[in-house]
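# Secondary and tertiary structure notes
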Amino acid sequence: MNTSAVTSITATAAANNGITDPARFRDLVAAEWIKIRGQRSSWFLVAFCVLWDSLAAWYSGGHVTGVTPANAGSINPLIYPFNNTAWSLLAVLAASFGALSVAGEYSSGLIRSTIVAVPTRGRIMAAKAAVVAVCAACVGLACSAAALPIAGSQLAGKLTGLGPTGPGVPKAVVASALLLAISSLIGMAIGALIRHPAGAVTATWSALLFVPALLGSGSINLSAAAERMPVQLWTAISHTQPPSPQPAPLAPTPMAWLLYAAWPTISVAVAVWVVRRRDV
Amino acid sequence: MSAETAVLPARPAFARRARVTDLVAAEWLKLWSPWYTAAASAAVVVLSVVIAQHDPKPVVFDAPAWLLMMLAAGLLGAQTVVTEHATGLVRSTLTAVPDRRRLVAAKAAVVVGVTAALALVLASADIVNSRPTTAGSATPGQIAACGALGPVCGLAGMAVATLARHLATTAAGVCVVLGALPLFLQPKQNRWEHDVSNALPYYSWSRLASGSGTMTVPVAWGTLAAWAVASFLITVIILDRRDV
């Protein structure tokens, strides 16, 4: 056996090794990103979110009444770009996106190919959660980036403080990006539990929008439960500035951050546990 | 001659044209056989009654709690259309019943019946479980409005499903039209929001069932009727014209 044959065998073995290597986490992330990127509806959703938030900032910034030079200092300008109604819809859309990233695989049957390719289901879900959360956070950043200057220009001459260095602005931008990431992970947990696109979407909208609205509505006296929901925590974290006339429902911010961390942790744990335990 | 007649009947029983009762029976079978139809209906009635117990307002038919019934009725209606498209059953259905308008009429009849029953069951449950402040205050007009709200939402769900024809989009669409719009648009806000929200079934029904709002009773009934008719027309016309 001459040297060149040995080299060639070694090279072949090395090549095979390269192919049969267990998929690295980076590969799983790449695969999940392809699944999201390849769908036209993902890009449509991104465009809708940014457009919706821009319109909401434009509208709420343009319909401000009762601001005078005397009381301008006591009004928190962040309530206009970070309008609760606008962002609760963004949060529920991010959650629907997360729910469909799991339920969609089950309904199309793609989950079988995915699990045959990568039998360690926990790693699949971890990669999916990472990609979904990062995508949702990026959309959140894009929405903030659109809403802040639009609301700022609408409020010009009435209120200031919406520039990138304004008081509380960096914190609100981070909290808003996290809101969409957290919502998308909650959606993933719901998608893993329900595994049917229509059922998962309905459950997501009910859990994140309708039930908190019902519980927190003035007529039904269960607002303490609604204060623990993600959008209400986001309000508490991003809008609380001492002299605001619209105080957040939940005052203690450390508690809000703790719950803010608990929601995604529990959601990912549920998604991983359910997908690992159940047959497909 | 008589022997031949006996052997060959004029027309075999199974070859006759499907009658409306057959179509209704088929649609009833499709709607009621999945386990989730009955489960979701029962869950909605229980949840809605429980939530209504926590409302301090002295109304028999608690509006926020009825939002759940609206969503359930809308989704029941929507799924009769969208699951046919999602599973491909619609091709078999249309092969068996080429007259699409009759098919939609039968579907709508079943949806109207089931959602009206669901709404009336919830209304009775509310009356049975009424709190001391509200006992005995339900009028026939209020109960009729409750019974009408279910079919209005069911038909609206069918229309959304006909337009979307995709499971997740339909579910989100029903949630937006029946649930999110009345949450986001409220009649106490500015003028256009006041007018748009009064055109929603939720606020028309609230006017009739709990006397809230500024609409007159005929306008509220008219709005509910307009939603039902428009939804039915959308479903019939689009399903009749589109390829499957």
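Residues numbered from 1 in each chain as written. Chains lettered and ligands numbered in written order. Predicted model: local features only at pLDDT ≥ 70, side-chain atom pairs only at ≥ 80, totals over all residues. Heavy atoms only, no water.

An unreviewed UniProt entry lists chain B under the name ABC transporter permease, with Streptacidiphilus pinicola as the source organism.

In the nomenclature of an unreviewed UniProt entry, chain A corresponds to ABC transporter permease from the organism Streptacidiphilus pinicola.

### Structural notes on the UniProt feature "transmembrane region" (unreviewed entry) in chain B
All names here are of chain B. The sites that carry the UniProt feature "transmembrane region" (unreviewed entry) are, in the present numbering, residues 35–53, 65–82, 103–122, 142–160, 167–185 and 219–239. Across residues 35–53, the secondary structure splits into 95% helix and 0% strand, with the terminal C-alpha atoms separated by 28 Å. Along residues 167–185, the helical share is 95% and the strand share 0%, with 26 Å between the first and last C-alpha atoms. (UniProt positions renumbered as here; feature names shortened; annotations may be inferred. Helix = DSSP H or I, 4+ residues; strand = E, 2+ residues; numbered from the N terminus.)

### Examining the environment of B:Leu94
All names here are of chain B. Turning to its location among the elements, Leu 94 is positioned in helix 5 (residues 89–96). A residue is classified by how much of its surface remains accessible, and Leu 94, at 10% relative accessible area, is buried. Between the C-alpha atoms of Leu 94 and Val 244, which are 150 residues apart in sequence, the distance is 9.1 Å. When neighbours within four sequence positions are excluded, Leu 94 is seen to be in contact with Arg 100, Leu 103 and Val 244. (Buried < 20%, exposed > 50% of the residue type's maximum accessible area, 1.4 Å probe, protein only. Contact = heavy atoms within 4.5 Å.)

### Examining the UniProt feature "transmembrane region" (unreviewed entry) in chain A
Taking the UniProt record as the reference, the feature "transmembrane region" (unreviewed entry) is found at residues 43–61, 86–108, 129–152, 172–194, 206–226 and 255–275 of chain A. Here residues 86–108 of chain A runs as 100% helix and 0% strand, with 32 Å between its end C-alpha atoms.

### A closer look at the packing of aromatic side chains
Residue and element names in this part refer to chain A. A complete count under the given rule lists twelve aromatic pairs over all chains for this structure. Aromatic side chains Phe 82 and Trp 87 sit 5.6 Å apart centroid to centroid with 50° between the ring planes, which places their arrangement in the tilted category. Members of the aromatic cluster, connected to one another through ring pairs, are Phe 82, Trp 87 and Trp 234. (Phe/Tyr/Trp six-rings, centres within 6.5 Å; stacked < 30°, edge-to-face > 60°.)

### A look at the pattern of salt bridges
Per the counting criterion, the structure on display carries ten salt bridges over all chains. For A:Glu32, the salt bridge is made with A:Lys128, and the minimal N-O distance between the two is 2.9 Å. With a gap of 96 residues between them, A:Glu32 in helix 2 (residues 25–37) and A:Lys128 in helix 6 (residues 121–154) connect regions that are remote in the sequence. Among the salt bridges present, the one from B:Asp195 reaches B:Arg191, with a minimum N-O distance of 3.3 Å. Separated by four residues within a single helix, B:Asp195 and B:Arg191 lie in helix 9 (residues 191–198), roughly one turn from each other. For B:Asp195, a relative accessible area of 38% gives the class partly exposed. Take B:Arg191: its relative accessible area is 61%, and that puts it in the exposed class. When salt bridges that share partners are traced, they join A:Glu32, A:Lys35, A:Glu105 and A:Lys128 into one network. (Salt bridge = Lys/Arg side-chain N within 4 Å of Asp/Glu carboxyl O.)

### Quick word on unusual backbone geometry
The residue A:Arg195 is not glycine, and still its phi comes out positive at about 60°. By secondary structure assignment, the location of A:Arg195 is in the loop between helix 7 (169–194) and helix 8 (197–216).

### Section: the confidence of the model for chain A
For chain A, mean pLDDT is 85; residues scoring 70 or higher make up 84% of the total. Predicted confidence for residues 242–248 of chain A stays below pLDDT 50, and this span has eleven contacts to residues more than four positions away or in other chains. (pLDDT = per-residue confidence, 0-100.)

### Points about the interface of chain A and chain B
The interface of chain A with chain B comprises 20 residues on the first partner and 24 residues on the second. With both chains or domains summed, chain A and chain B bury close to 1800 Å², and 84% of this area falls on carbon and sulfur atoms. Along the contact surface separating chain A from chain B lie zero salt bridges. Our enumeration of links across chain A and chain B arrives at one residue pair in polar contact (both at pLDDT 80 or more). Breaking the side of chain A that touches chain B down by element, the ones donating at least two residues are helix 4 (84–108) and helix 8 of chain A. Here the residues of the side of chain A that touches chain B sort into 13 nonpolar, seven polar and no charged. (Buried area = accessible area lost by both parts, 1.4 Å probe. Polar contact = N/O pair within 3.5 Å; in protein donor to acceptor, adjacent residues only side chain to side chain. Nonpolar A, V, L, I, M, F, W, Y, C, P; charged D, E, K, R; others polar.)

### Quick look at helix 10 (residues 230–239) of chain A
Of all ten residues that make up helix 10 of chain A, nine are buried, and the element is covered over most of its length. Within helix 10 of chain A, burial applies to A:Pro230, A:Val231, A:Leu233, A:Trp234, A:Thr235, A:Ala236, A:Ile237, A:Ser238 and A:His239.

### Details of empty space enclosed by the protein
All names here are of chain B. Summed over the entire model, instances satisfying the criterion amount to two cavities of 30 Å³ or more. Estimated volume of the largest cavity: approximately 50 Å³. Lining of the largest cavity is provided by Ala 52, Gln 53, Val 59, Val 60, Asp 126, Asn 129, Ser 130, Arg 131 and Thr 134. The residue inventory of the lining of the largest cavity, partitioned by class, reads three nonpolar, four polar and two charged. Residue lining of the second largest cavity: Val 81, Glu 84, His 85, Val 90, Leu 103, Lys 107 and Leu 239, and that is the complete set. Looking at the lining of the second largest cavity, the elements that each hand over two or more residues are helix 4 (63–87) and helix 6 (100–128). A total of three residues in the lining of the second largest cavity trace back to one element, the largest contributor, which is helix 4. (1 Å grid on protein atoms, 1.4 Å probe; cavity = no way out; pocket = protein on both sides within 12 Å on 5 of 7 lines; lining within 4 Å. Points joined across faces, edges and corners; volume = space filled by probe spheres on them.)

### Describing the nonpolar core
Nonpolar side chains tend toward joint burial in soluble globular proteins. The biggest cluster of nonpolar side chains holds 110 residues, and the ones touching the most others in it are A:Trp87, A:Leu180, A:Trp205, B:Trp66, B:Met69 and B:Trp205. Apart from residues lying up to four places away in sequence, B:Trp66 is in contact with B:Ser48, B:Phe61, B:Ala119, B:Leu122, B:Ala123, B:Asp126, B:Cys146, B:Leu149 and B:Trp205. Counting 26 residues, the second largest nonpolar core, distinct from the first, contains A:Val102, A:Val118, A:Met188 and A:Val275. (Core = buried A, V, L, I, M, F, W, Y, C linked by side-chain atoms within 4.5 Å.)

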